[in-house]
Amino acid sequence: MAAAFAGPLREIPLPGVTLHRAGGAHRFDLVAAGVGPALAAARAASALTAAAIGGEPYDLVVSAGIAGGFPPDAPVGSLVVADDITVADLGADTADGFVPVTGLGFGTVSHRPPETLVRAIAATTGGRAGTVLTVSTVTGTAARAAELRARHPRALAEAMEGFGVAEAAATHGVPVLELRAVSNPVGPRDRAAWRIGDALAALTEGFGKLAPVLESWNPHEP
Ligand SMILES: O=C(O)c1cccc(C(=O)CC[C@H]2O[C@@H](n3cnc4c(=O)[nH]cnc43)[C@H](O)[C@@H]2O)c1
């Protein structure tokens, strides 16, 4: 994704994370979030806290990466922009099926990125807007894929970090966005079918189109 930014990136070490700062009129800091919601939340929180303490809080946090796409709506190589970032496996397994933490009376399971921004980014990148699920265990069977889609009919993709990043952003009162490029179908495990290179190329191209949209976005719009 760094390839989407012109010019060299400046490294800024912080406790627990290194920022890669792109030059230009607006500040863009890149962070390698790692794999999984917990590490991504921890690293995003480090960056958010440092920015807040430094008196220059962020206007927006973007979680970006590759994802599994639910066929046929999100084919390999396509882009997905989350209009809903939902954690799919935070809750309790019961005899009557899965109950999310909200059904148990606490917590949060979804974050909603700003609607106007989601629409603008979907239009600019050609990405499709829909729910992106966050899971801690990658789906590896058709049965699990069907169960997730039955519980989340608007789900286009699953990945492993978005909800963690969104929780960190929400803790700081900063809006969040999630952009994913589909590297594999969600379903039976088939590593040979993964197209990580194609997905990263699509993500870099999509990311390269974001700057003008973000720069013209008014953070006070819904
Ligand atoms: O070995 C496997 O079967 C396997 C299956 C899916 C994902 C992995 C990873 O190592 C995921 C790393 C990374 O990629 C994102 N990602 C990509 N595709 C998916 C997916 O189908 N389900 C969940 N996450 C996915 C994820 O956000 C991680 O950052 C290995």
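Values in this document were obtained by computation on a predicted structure and should not be read as measured data.

## Regarding the pattern of salt bridges
A full pass over the atoms with the stated rule returns 12 salt bridges. Across the pair R149 and D73 runs a salt bridge, and its minimum N-O distance is 2.6 Å. Separated by 76 residues along the polypeptide, R149 in helix α3 (residues 142-151) and D73 in the loop between β4 (61-69) and β5 (79-87) bring together distant segments of the chain. Residue class for D73 comes out partly exposed when judged on its relative accessible area of 25%. Notably, a salt bridge pairs R144 with E147, separated by 3.3 Å at the nearest N-O pair. With R144 and E147 both in helix α3 and 3 residues apart, this pair spans about one turn of that helix. Note on E147: relative accessible area 36%, which makes it partly exposed.

## What about the side chain of S78?
Among the secondary structure elements, S78 is positioned in the loop between β4 and β5. Classification of S78 by relative accessible area gives buried; the value is 19%. Looking at S78, its side chain comes within polar contact range of the main-chain oxygen of P75, at 2.7 Å. When sequence neighbours within four positions are dropped, the list of residues in contact with S78 reads R180, A181 and V182.

## Let's talk about the nonpolar core
Among soluble globular proteins, nonpolar side chains are generally buried collectively. Residues L48, Y58, V61, V80, I85, V165 and V176 are the most contacted members of the largest nonpolar core, which totals 29 residues. Excluding anything up to four places from it in sequence, V165 contacts A40, A41, A44, V61, S63 and V176. Ranked by size, the runner-up nonpolar core spans 22 residues in total, among them F5, L177, A199 and F207.

## Some remarks on the site of the ligand
Near the ligand you find 14 residues, and of these E158, E161, N184, R189 and W194 are the closest. M160 has a polar backbone atom sitting 3.0 Å from an oxygen atom of the ligand. Contacts to the ligand include R180, whose side-chain N or O atom sits 3.4 Å from an oxygen atom. With the chains in place, 82% of the 560 Å² that the ligand exposes on its own is no longer accessible. Elements with a minimum of two residues in the shell around the ligand: β4, β10 (155-159) and β11 (176-185). Class assignment for the residues of the shell around the ligand results in 6 nonpolar, 3 polar and 5 charged.

## A look at the UniProt feature "domain: Nucleoside phosphorylase" (unreviewed entry) in the chain
Under the local residue numbering, the UniProt record ascribes the feature "domain: Nucleoside phosphorylase" (unreviewed entry) to residues 30-191. With 30% helix and 31% strand, residues 30-191 has end C-alpha atoms that lie 28 Å from one another.

## So, the packing of helix α1 (residues 37-53) against helix α4 (residues 162-171)
In the contact formed by α1 and α4, the axes pass within 7 Å of each other and the chain directions differ by 30 degrees. Of the possible angle classes, the one that applies to α1 and α4 is roughly parallel. Taken as a pair, α1 and α4 cross one another with a handedness that is right-handed. Residue-level inspection shows P37, A40, A41, A44, A45 and L48 of α1 in contact with α4, the latter providing G164, V165, A168 and A169. In the contact of α1 with α4, the residues fall into 9 nonpolar, 1 polar and no charged.

Each value, and the rule that gives it
- Residues numbered from 1 in each chain as written.
- Predicted model: local features only at pLDDT ≥ 70, side-chain atom pairs only at ≥ 80, totals over all residues.
- Heavy atoms only, no water.
- Salt bridge = Lys/Arg side-chain N within 4 Å of Asp/Glu carboxyl O.
- Helix = DSSP H or I, 4+ residues; strand = E, 2+ residues; numbered from the N terminus.
- Buried < 20%, exposed > 50% of the residue type's maximum accessible area, 1.4 Å probe, protein only.
- Polar contact = N/O pair within 3.5 Å; in protein donor to acceptor, adjacent residues only side chain to side chain.
- Contact = heavy atoms within 4.5 Å.
- Core = buried A, V, L, I, M, F, W, Y, C linked by side-chain atoms within 4.5 Å.
- Near = heavy atom within 4 Å.
- Areas by Shrake-Rupley, 256 points an atom, 1.4 Å probe, with all protein chains shown as cover.
- Nonpolar A, V, L, I, M, F, W, Y, C, P; charged D, E, K, R; others polar.
- UniProt positions renumbered as here; feature names shortened; annotations may be inferred.
- Axes fitted to C-alpha atoms, helices over the stretch in contact; angles between N-to-C directions.
- Parallel < 35°, antiparallel > 145°, perpendicular 65-115°, else oblique.
- Left-handed = near helix turned anticlockwise from the far one by under 90°.

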